[in-house]
Amino acid sequence: MTAISPFYLPYEDLVESLKREVGSQDLPAPVFPFAYDWRFDSLHAAAQLGEFIGEVLRIVARLPAYRATPPAQVDVVAHSFGGNAAARLADRGASPTGRAG
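What comes next is a walk through the structure. On a predicted model such as this, the values are computed, not experimentally measured, just so you know.

**Concerning the overall build of the chain**
Stage number 1. Counting secondary structure elements, the chain contains three helices and zero strands.
Stage number 2. Listing each helix as α and each strand as β along the chain from the N terminus yields α-α-α.
Stage number 3. Counting all 101 residues of the chain, 21% fall into the buried class.
Stage number 4. In the chain, once contacts between residues fewer than 6 apart in sequence are set aside, the share between residues at least 24 apart is 51%.
Stage number 5. Working note: accessible area of the chain is about 7,000 Å², and carbon and sulfur atoms make up 57% of it.

**So, the packing of aromatic side chains**
Stage number 1. Across all of its chains, the model carries three aromatic pairs by this definition.
Stage number 2. Measuring from centroid to centroid gives 5.1 Å for Tyr36 and Phe81, while their planes differ by 40°, and the two rings are tilted. On the criterion of sequence distance, the pair formed by Tyr36 in the loop between helix 1 (12–22) and helix 2 (42–62) and Phe81 in helix 3 (residues 81–91) is long-range, its members being 45 residues apart.
Stage number 3. Residue classification places Tyr36 among the partly exposed residues on the basis of a relative accessible area of 29%.
Stage number 4. Through a chain of ring-to-ring contacts, three or more aromatic side chains come together here, namely Phe34, Tyr36, Phe52 and Phe81.

**A look at helix 2**
Stage number 1. An ideal rise of 1.5 Å per residue puts 30 Å on 21 residues; helix 2 measures up with 30 Å between its terminal C-alpha atoms.
Stage number 2. On the buried face of helix 2, the contacting elements are helix 3.
Stage number 3. For helix 2, the side-chain oxygen to backbone nitrogen distance between the N-cap and Leu43 is 3.2 Å, and the N-cap itself is Asp41.

**Points about the nonpolar core**
Stage number 1. Phe34, Ala46, Leu49, Ile53, Leu57, Ala86 and Leu89 together form the largest nonpolar core, which totals seven residues.
Stage number 2. Listing elements by their share of this core, those giving two or more residues are helix 2 and helix 3.

**As for the side chain of Ser42**
Stage number 1. The residue Ser42 is located in helix 2 in this model.
Stage number 2. With a relative accessible area of 11%, Ser42 lands in the buried category.
Stage number 3. Apart from residues lying up to four places away in sequence, Ser42 is in contact with Phe81, Asn84, Ala85 and Arg88.

The rules behind the values
Residues numbered from 1 in each chain as written. Predicted model: local features only at pLDDT ≥ 70, side-chain atom pairs only at ≥ 80, totals over all residues. Heavy atoms only, no water. Helix = DSSP H or I, 4+ residues; strand = E, 2+ residues; numbered from the N terminus. Buried < 20%, exposed > 50% of the residue type's maximum accessible area, 1.4 Å probe, protein only. Contact = heavy atoms within 4.5 Å. Areas by Shrake-Rupley, 256 points an atom, 1.4 Å probe, with all protein chains shown as cover. Phe/Tyr/Trp six-rings, centres within 6.5 Å; stacked < 30°, edge-to-face > 60°. Expected span 1.5 Å × (residues − 1). Polar contact = N/O pair within 3.5 Å; in protein donor to acceptor, adjacent residues only side chain to side chain. Core = buried A, V, L, I, M, F, W, Y, C linked by side-chain atoms within 4.5 Å.

This is the structure in structure tokens:
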């Protein structure tokens with residue numbers, strides 16, 4: 001598999017494991033790593049994460065296995081600063097499209 005970006009490399013094993021363990025051999029789960037700029041605060045990262053989630057939902061809805069029943073939400077796996085950004089996004093009351101509601 002070709003890495004998406006240098007950011008992906010340290011997380012490649014985790015991403016591939018989540019695809020198999022959350023999904024199945026026949027239908028791996030769609031897993032999308034999110035890169036943020038740690039130099040900005042968690043509110044900025046939360047806004048970017050919200051936009052990213054909206055894009056993930058749009059992408060997954062186009063996948064053949066999900067066209068009949070596109071997902072309305074995502075699961076976020078985060079640690080450290082990524083956990084702070086995810087918590088900020090949840091505190092904003094983000095809708096499944098990633099936009100605050």
